[in-house]
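Notes for the structure review
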Amino acid sequence: MLDYLASQLAGVWPELKVVAKAANGLDALRLIDEEAPDVVFLDISMPGLSGLDVAARLAAGARPPRIVFVTAHDQYAVDAFEHAAVDYLLKPVNLERLGKTVAKLKATLGAPAAASAIDAVQALLAQLSAQLLPGGAAGGAGAAGAGAGVGMNVGAAAAAGGTQPSAPAPVAAPLQWIRAAHGEETRLIPIEEVIYFQSNDKYTSVFLAGGESLIRTPLRQLREQLDETNFWQIHRSVIVAARHVAGTKTDFRGRLMVQLKGRPEQLVVSRNYVDLFRQM
């Protein structure tokens with residue numbers, strides 16, 4: 001996989017210099033320390049240290065490289081990567097998709113990574129380690145040759161590397177991803193796509209523009225993990241995303257109703273939460 005990716009990169013980014021390749025996470029860490037690359041391609045499933053372990057170490061550094069994940073995860077996980085401060089390539093690597101990744105990298109290499117982007121990477125890694133890869137482990141041992149990072153420099157740098165992070169326990173940041181069941185699939189949903197949450201017996205329904213999924217987290221517990229400036233509780237059983245509120249109206253019974261962007265239903269605001277909408 002490494003040689004194939006390197007040959008593909010040579011075609012779409014001829015000025016790029018691949019300075020090192022690593023067959024496992026430990027070698028990747030060593031090579032990154034030696035080469036200080038501008039860009040690192042990381043397979044999620046590497047022996048020794050996973051791509052997530054390596055990326056977590058890199059994101060904690062003073063000058064993290066641009067990270068591109070190479071992953072065989074399902075499309076919903078890929079959607080999550082696409083919304084993050086890192087890019088992704090789905091195996092087998094598609095040349096057209098690789099070209100888009102290269103264009104994105106070229107556009108960002110001129111300036112240092114913004115602090116907000118680094119924070120986003122760290123938050124993504126923490127949630128993926130906990131949710132996508134149970135126990136924080138690196139999804140499987142990875143076949144030989146299939147779990148390596150390619151690092152590059154524009155002059156650039158090396159393969160992926162990092163030591164097992166010492167499990168920092170920052171004050172819990174607001175949720176950025178929701179792991180939800182949808183039929184027989186499990187989706188990893190960016191929090192920005194959630195229109196509202198509704199208590200549903202022992203579960204919580206997650207409503208998106210394109211449908212509904214279920215999570216096992218009770219609404220009361222979920223509320224504590226959400227950014228209250230972006231998610232408003234409007235009823236004992238409903239929390240709505242402020243960005244998806246189109247407006248309000250009063251129905252024939254005198255109840256205040258929230259109108260949504262992206263969904264046709266209207267949500268009842270209980271009397272305890274009417275004050276949220278006084279200015280609307």
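Residues numbered from 1 in each chain as written. Predicted model: local features only at pLDDT ≥ 70, side-chain atom pairs only at ≥ 80, totals over all residues. Heavy atoms only, no water.

What about the overall build of the protein chain?
Threshold: Helix and strand labels come from DSSP, where a helix needs a run of H or I of at least four residues and a strand needs a run of E of at least two; each type is numbered from the N terminus. In this scheme, a residue with accessible area under 20% of its type's maximum is buried, one over 50% is exposed, and one in between is partly exposed, where area comes from a 1.4 Å probe on protein chains only. By the convention used here, residues are in contact when the closest approach between their heavy atoms is within 4.5 Å. Values of accessible area rely on a 1.4 Å probe in the Shrake-Rupley scheme; residue burial ignores everything except the protein chains shown.
Regarding its fold elements, the protein chain presents seven helices and 15 strands. Looking at the protein chain as a whole, 46% of its 280 residues are labelled buried. Long-range contacts, defined as pairs at least 24 residues apart, comprise 60% of the intrachain contacts of the protein chain with a sequence gap of at least 6. With an accessible surface of roughly 14200 Å², the protein chain has 51% of that area assigned to carbon and sulfur atoms.

Some remarks on helix H5 (residues 95–108)
For clarity, the cut-off: Here the expected span of a helix is defined as 1.5 Å times the quantity of residues minus one. An arc is given here, and it is the one of the directions from the helix axis to the C-beta atoms.
Between its first and last C-alpha atoms H5 spans 20 Å; for 14 residues at 1.5 Å apiece the expected length is 20 Å, and the two agree. Every buried residue of H5 is listed here: Arg97, Leu98, Thr101, Val102 and Leu105. Taken down its axis, H5 places every buried residue within 145° of arc, on the same side. The outward face of H5, more than 90 degrees from its buried face, is lined by the exposed residues Glu96, Lys100 and Ala107.

Some points on the packing of aromatic side chains
Rules: Each pair of aromatic rings taken from Phe, Tyr and Trp, with Trp reduced to its six-membered ring, is defined by centres within 6.5 Å and is described as stacked if the planes are under 30 degrees apart, edge-to-face if over 60, and tilted in the remaining cases.
Across all of its chains, the model carries three aromatic pairs by this definition. Relative to Phe231, the ring of Phe197 lies with its centre 5.8 Å away and its plane at 45°, an arrangement referred to as tilted. Within this pair, whereas Phe197 is found in strand S8 (residues 196–200), its partner Phe231 is found in strand S11 (residues 231–235), the two being separated by 34 residues in sequence. With respect to class, Phe197 is no different from Phe231; both count as buried. Here Trp232 and Phe277 contribute two aromatic rings whose centre-to-centre distance is 5.7 Å and whose plane-to-plane angle is 70°, an arrangement assigned as edge-to-face. Of the two residues, Trp232 sits in strand S11 while Phe277 sits in the segment after strand S15 (266–269), which places them 45 residues apart along the sequence. Overall, the relative accessible area of 4% leaves Phe277 in the buried class.

Here we look at the nonpolar core
Keep this limit in mind: Each nonpolar core is a collection of buried residues, namely Ala, Val, Leu, Ile, Met, Phe, Trp, Tyr and Cys, held together in the definition by side-chain atoms within 4.5 Å.
Ile178, Val194, Phe197, Leu222, Leu226 and Phe231 are the most contacted members of the largest nonpolar core, which totals 16 residues. Those elements giving two or more residues to this core turn out to be strand S6 (177–182), strand S9 (203–208), helix H7 (219–223) and strand S12 (238–241). Those residues within four positions of Val194 in sequence are excluded, and the remaining contacts are Ile178, Ile189, Val206, Phe207, Leu208, Phe231, Ala241 and His244. Counting residues in each nonpolar core, the second largest holds 14 residues, with Ile195, Phe207, Val258 and Phe277 among its members.

Comments concerning the pattern of salt bridges
Pairing is possible between side chains of opposite charge, provided their charged atoms come close. Selection rule: Note on definitions: salt bridges are taken to be side-chain nitrogens of Lys or Arg within 4 Å of carboxyl oxygens of Asp or Glu.
Enumeration according to the criterion identifies five salt bridges in this entry. Between Lys106 and Glu15 there is a salt bridge whose closest N-O contact spans 3.3 Å. One end of the pair, Lys106, is in helix H5; the other, Glu15, is in the loop between helix H1 (2–12) and strand S1 (17–21), and 91 residues separate them in sequence.

Brief notes about H1
Residues Leu2, Leu5, Ala6, Gln8 and Leu9 constitute the buried set of H1. Buried positions in H1, seen along its axis, are confined to an arc of 165° and lie on one side of it. Every exposed residue of H1 that faces more than 90 degrees away from the buried side is listed here: Asp3 and Gly11.

Observations regarding the packing of H1 against H5
Helix-helix packing is described using two parameters, namely the angle between the two axes and the distance between the axes. Selection rule: To obtain each axis, a line is fitted to C-alpha atoms, and for helices this fit is confined to the stretch in contact; angles are then taken between N-to-C directions over 0 to 180 degrees. Each crossing gets its handedness from the near helix: less than a right angle anticlockwise from the far helix is left-handed, clockwise is right-handed. Only Asp, Glu, Lys and Arg are considered charged in this grouping, and only Ala, Val, Leu, Ile, Met, Phe, Trp, Tyr, Cys and Pro are considered nonpolar; every other residue, Gly among them, is considered polar.
Where H1 meets H5, the closest approach of the two axes is 10 Å, and the angle between their N-to-C directions is 65°. Relative to H5, H1 is oriented so that their crossing is right-handed. Here Leu5, Gln8, Leu9 and Val12 of H1 lie close against H5, whose contacting residues are Leu95, Leu98, Val102 and Lys106. A per-class count over the contact of H1 with H5 returns six nonpolar, one polar and one charged.

Some remarks on the sheet that holds strand S13 (residues 245–250)
By way of backbone hydrogen bonds, the strands of a sheet pair with one another, either parallel or antiparallel. Our working definition: In short, DSSP must find at least two bridges between two strands for them to pair.
The antiparallel open sheet is built from three strands, whose spatial order is S13-S14-S15. Two strands in the sheet have a free side with no partner beyond their single neighbour: S13 and S15. Sheet twist, expressed as the average angle between the axes of neighbouring strands with direction ignored, equals 30°.

Quick look at the environment of Ile178
Within the fold, Ile178 resides in strand S6. Overall, Ile178 belongs to the buried group, its relative accessible area being 4%. With 37 residues separating them in the primary sequence, Ile178 and Ile215 have C-alpha atoms 8.1 Å apart.

So, the pairing of S11
Relative to S12, S11 is paired through four bridges, and the arrangement is antiparallel. By the bridge assignment for S12, Phe231 is matched with Ala241. Counted along the chain from S11 to the antiparallel partner S12, the turn is two residues long.

Just geometry here; none of it tells us what the structure is for.
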